[in-house]
There are 2 protein chains.
Amino acid sequence: MRRNPERRQALIDAAIEVLAKEGARGLTFRAVDAEAAVPLGTASNYFANRDDLFTQVGGRIYERLLPDEATMARSREGVQDANRYAELMHELVDRVSAFNSGYLALLELRLESTRRPELRAVLTKRIREDIDANVGHHAASGLPGDSTSAVLLYLALNWLIVERLTLPDIFTEQEIHELVDAAVQRSLNA
Amino acid sequence: MRRNPERRQALIDAAIEVLAKEGARGLTFRAVDAEAAVPLGTASNYFANRDDLFTQVGGRIYERLLPDEATMARSREGVQDANRYAELMHELVDRVSAFNSGYLALLELRLESTRRPELRAVLTKRIREDIDANVGHHAASGLPGDSTSAVLLYLALNWLIVERLTLPDIFTEQEIHELVDAAVQRSLNA
DNA sequence: AACGTAGTACTACAGATGGAGTGGTGTCAA
DNA sequence: TTGACACCACTCCATCTGTAGTACTACGTT
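A short tour of the structure in this document, coming up. Remember, it's a predicted structure, so these values are computed and weren't measured experimentally.

Some words on the overall build of chain A
Alright, step 1. A count of helical and extended segments in chain A gives ten helices and zero strands.
Alright, step 2. Along chain A, helices and strands appear, N-terminal first, in the series α-α-α-α-α-α-α-α-α-α.
Alright, step 3. Overall, chain A is about 55 × 35 × 30 Å in size when its C-alpha atoms are taken along their principal axes.
Alright, step 4. The buried share among the 190 residues of chain A stands at 52%.
Alright, step 5. When contacts within chain A are restricted to residue pairs at least 6 apart in sequence, those whose partners lie at least 24 apart make up 69%.

Structure below.
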């Protein structure tokens, strides 16, 4: 088992691309090698087996989907009212859908996790943490709404992104924009 | 190309199960044959190639996810207020998540449609129709709320089902129940 | 400065699986 | 008798895993 951390990260990034392009079943050592443009057999040396590969990708993919520190800091600036909330959610949707392959890969992993208990455990933990962080962050921010608002927004926006990424002709960009606004507004009304 | 419609339907039903169990890449003629318990080569005789198989499944899967006539008729009975709305949405979520493999198969198809334009066209059409039917049905029903409520509910409930089916330990059944209630209530407040 | 060593990059291959597509034979009913 | 379909067998092909083994490079030692 090789330990070079940059190379491992490069392989995991390549695996994310492979997941998005080829689907979970297409995530093979060879495909990762090819995507990362490293010699055949390299992924074999870095992951014990496919299960291990899935689990490691599941553990790290979230790091690439979460906003960086600068974005987080910026999100805390300004008046924290409903308009600001909507603005932040627009940014969120755009940021996540911009890392197209990351989001699709995460969906593939979710589906694959119905077949791999170890992967399911990792994803459950990560996503649980993400939701809790969202709720906590929301509570600390001074933005309007309660924890239920935050969860409902999480639900609606996630599916909106699914819709946008998998079947882009269902909603126009204009409709997506309006749906984000509506989701924010209505989620706030208890 | 064989034409026996019962057999074709049985093969498509088997394909849905295969999709849910093995993923899109695992949807092969042989796997369908095995799942449908018919001789090897049968699926080959009923579908021109894998693309055709995907497209036909995409065209029919919705027929199995939609409520039957009796359910639809029952949904129109009684007072059509917010409580009734919530009740209907609970039934919807339970019905869809009960046909577990159908919903997972549809997710697999969505992801696969990023790679197969023909499938994407079929799915886009079906889902567009479904959303329009939902909105129209809602408008005709006398239930409270506007078309935006209906779409927002569609978004939130879809992801709630994803969450329940792919990572069942994220939300408890109790939380799911409460989230459905909250989604209905808040989506109604324009 | 020469040498040795460890860790990693890279190559090659053995062994095995699984699948597409097709041609042909059996069977049944009109 | 004929046609449609069920069923079976076989060929060809693509791909993957796991591992053994070689080459390279950096670094510490003497």
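Focus on the relation of the copies chain A and chain B
Alright, step 1. For the match of chain A to chain B, the screw axis carries a shift of 0.0 Å, the RMSD comes to 0.0 Å, and the turn is 180°. Within this description, the copies of the chain are treated as partners about a two-fold rotation axis. Judged by C-alpha distance, A:Ala156 is the residue of chain A that lies nearest the rotation axis, at 2.0 Å.
Alright, step 2. Comparing interface residues between copies, 98% of those in chain A also lie at the interface in chain B; the contact surface is shared.

Notes on the interface of chain A and chain B
For an interface, size is often stated in terms of accessible area lost upon the parts coming together.
Alright, step 1. Tallying the contact residues gives 50 residues for chain A and 50 residues for chain B.
Alright, step 2. The contact between chain A and chain B buries some 4300 Å² in all, and 65% of this surface belongs to carbon and sulfur atoms.
Alright, step 3. The tally of links from chain A across to chain B stands at 23 residue pairs in polar contact (both at pLDDT 80 or more).
Alright, step 4. Ranked by residue count, the leading element in the side of chain A that touches chain B is helix H9 (residues 147–166) of chain A, at 14 residues.

Concerning empty space enclosed by the protein
Alright, step 1. What the rule picks out here adds up to two cavities of 30 Å³ or more.
Alright, step 2. Approximately 120 Å³ is the volume found for the largest cavity.
Alright, step 3. Lining the largest cavity, in full, are A:Leu152, A:Leu153, A:Ala156, A:Ala183, A:Arg186, A:Ser187, B:Leu152, B:Leu153, B:Ala156, B:Ala183, B:Arg186 and B:Ser187.
Alright, step 4. Going through the elements one at a time, H9 and helix H10 (173–188) of chain A together with helix H9 (147–166) and helix H10 (173–188) of chain B are the ones with two or more residues in the lining of the largest cavity.
Alright, step 5. Across the lining of the largest cavity, the residue classes tally to eight nonpolar, two polar and two charged.
Alright, step 6. The space that makes up the second largest cavity amounts to roughly 80 Å³.
Alright, step 7. Considering the residues around the second largest cavity, the lining is formed by 16 residues, among which A:Ala24, A:Glu108, B:Gly23, B:Ala24 and B:Glu108 are closest to the centre.
Alright, step 8. Only helix H7 (100–112) of chain A together with helix H7 (100–112) of chain B provide two or more residues apiece to the lining of the second largest cavity.
Alright, step 9. Tallied by class, the residues present in the lining of the second largest cavity amount to four nonpolar, two polar and ten charged.

A look at the packing of aromatic side chains
Alright, step 1. Per the counting criterion, the structure on display carries zero aromatic pairs over all chains.
Alright, step 2. Positioned above the aromatic ring of A:Phe47 is the side chain of A:Arg8, whose terminal nitrogen or guanidinium carbon lies 5.5 Å from the ring centre.

Basis of the calculations
- Residues numbered from 1 in each chain as written.
- Chains lettered and ligands numbered in written order.
- Predicted model: local features only at pLDDT ≥ 70, side-chain atom pairs only at ≥ 80, totals over all residues.
- Heavy atoms only, no water.
- Helix = DSSP H or I, 4+ residues; strand = E, 2+ residues; numbered from the N terminus.
- Buried < 20%, exposed > 50% of the residue type's maximum accessible area, 1.4 Å probe, protein only.
- Contact = heavy atoms within 4.5 Å.
- Least-squares fit on C-alpha atoms with pLDDT ≥ 70 in both.
- Buried area = accessible area lost by both parts, 1.4 Å probe.
- Polar contact = N/O pair within 3.5 Å; in protein donor to acceptor, adjacent residues only side chain to side chain.
- 1 Å grid on protein atoms, 1.4 Å probe; cavity = no way out; pocket = protein on both sides within 12 Å on 5 of 7 lines; lining within 4 Å.
- Points joined across faces, edges and corners; volume = space filled by probe spheres on them.
- Nonpolar A, V, L, I, M, F, W, Y, C, P; charged D, E, K, R; others polar.
- Phe/Tyr/Trp six-rings, centres within 6.5 Å; stacked < 30°, edge-to-face > 60°.
- Lys NZ or Arg CZ within 6 Å of the ring centre and 35° of its normal.

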